[in-house]
Amino acid sequence: MTPPVKARSGHILLEGRRTFKDLVRVYPEIHKKVLEANRPFVKETEPLLPDVLLEENLRDLRSDRKPAGYNRSEPFGMRLIFPLSEPRHPEFYFSKPLRCQEIVQITEQVSQLLRRRGIKHSVEYDRLPLGPPRGIPGMPPMGAGTGAGLTG
């Protein structure tokens with residue numbers, strides 16, 4: 001399957017008898033890619049936070065638990081989410097609030113990394129029911145009419 005040019009979310013679904021524990025070897029590289037994608041949005045006041053998050057996530061993965069991922073509050077930052085899923089079918093995804101090439105690029109890079117390490121998986125894009133992009137606060141949503149000219 002050819003990946004799209006832009007996407008809002010890129011999903012990696014582990015296949016076979018894979019568990020979260022299978023990601024321990026590759027997670028530091030995945031975490032590093034997400035940090036690099038978020039570098040413009042990182043606050044200088046939190047220099048140790050990425051290392052702490054990495055250790056917490058690795059601890060969860062080693063215990064075969066769902067990790068927290070990287071879900072910071074930067075409005076335009078990239079997020080790494082491990083959704084609630086069936087224990088036998090772990091998955092994770094990258095997301096941003098708007099469709100962009102970055103999501104496709106990081107998803108494809110991580111997919112290649114997993115393939116090189118022999119971790120079977122599938123990739124899907126825009127699987128989330130996210131709704132339309134949000135507009136400027138205080139303004140009507142994109143595509144909403146003003147209602148002028150309506151009688152009723």
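Structural data are supplied above this passage.
What counts and what doesn't
Residues numbered from 1 in each chain as written. Predicted model: local features only at pLDDT ≥ 70, side-chain atom pairs only at ≥ 80, totals over all residues. Heavy atoms only, no water. Helix = DSSP H or I, 4+ residues; strand = E, 2+ residues; numbered from the N terminus. Buried < 20%, exposed > 50% of the residue type's maximum accessible area, 1.4 Å probe, protein only. Areas by Shrake-Rupley, 256 points an atom, 1.4 Å probe, with all protein chains shown as cover. Polar contact = N/O pair within 3.5 Å; in protein donor to acceptor, adjacent residues only side chain to side chain. Contact = heavy atoms within 4.5 Å. Phe/Tyr/Trp six-rings, centres within 6.5 Å; stacked < 30°, edge-to-face > 60°. Pairing = 2+ DSSP bridges. Axes fitted to C-alpha atoms, helices over the stretch in contact; angles between N-to-C directions.

A.B. asks: Got a minute to help me understand the overall build of the protein in this structure?
C.D. replies: Within the protein one finds 3 helices and 4 strands. N-terminal to C-terminal, the α/β element order of the protein is β-α-α-β-β-α-β. Here the protein holds 152 residues, and the buried ones make up 36% of them. Carbon and sulfur atoms make up 54% of the accessible area of the protein, which totals about 9700 Å².

A.B. asks: Got a minute to help me understand the side chain of D60 in this structure?
C.D. replies: Within the element layout of this structure, D60 appears in helix α2 (residues 49-62). Within the local environment of D60, its side chain forms a polar contact with the side chain of R65, the two groups lying 2.7 Å apart. In contact with D60, not counting residues within four places along its chain, are R65, K66, P67 and A68.

A.B. asks: For this particular structure, what's the right way to read the packing of aromatic side chains?
C.D. replies: We describe a pair of aromatic rings using the distance from one ring centre to the other and the angle between the two ring planes. What the rule picks out here adds up to 4 aromatic pairs. Considering the side-chain rings of Y27 and F82, the 6.2 Å spacing of their centres and the 50° angle between planes classify their relative orientation as tilted. Residue Y27 is found in helix α1 (residues 27-38), and its partner F82 is found in the loop between β2 (79-81) and β3 (91-100); the two are separated by 55 residues along the sequence. Judged by relative accessible area, which is 4%, F82 ranks as buried. When the centroid spacing of 5.9 Å and the interplanar angle of 85° are considered together, the rings of F92 and F94 count as edge-to-face. Residue classification places F94 among the buried residues on the basis of a relative accessible area of 0%.

A.B. asks: Please clarify how the sheet that holds strand β1 (residues 7-14) should be interpreted in this entry.
C.D. replies: Each strand in a sheet pairs with its neighbour through backbone hydrogen bonds, running either in the same direction (parallel) or in the opposite one (antiparallel). Pairing within the open sheet is antiparallel, and its 4 strands lie in the order β2-β3-β1-β4. Where the open sheet ends on each side, the last strands, each with one partner, are β2 and β4 (121-125). On average, adjacent strands in this sheet sit at an angle of 20° to one another, irrespective of strand direction. Its contacts with the sheet place helix α3 (residues 101-116) against β1, β3 and β4, and it is angled at close to 160° to β3.

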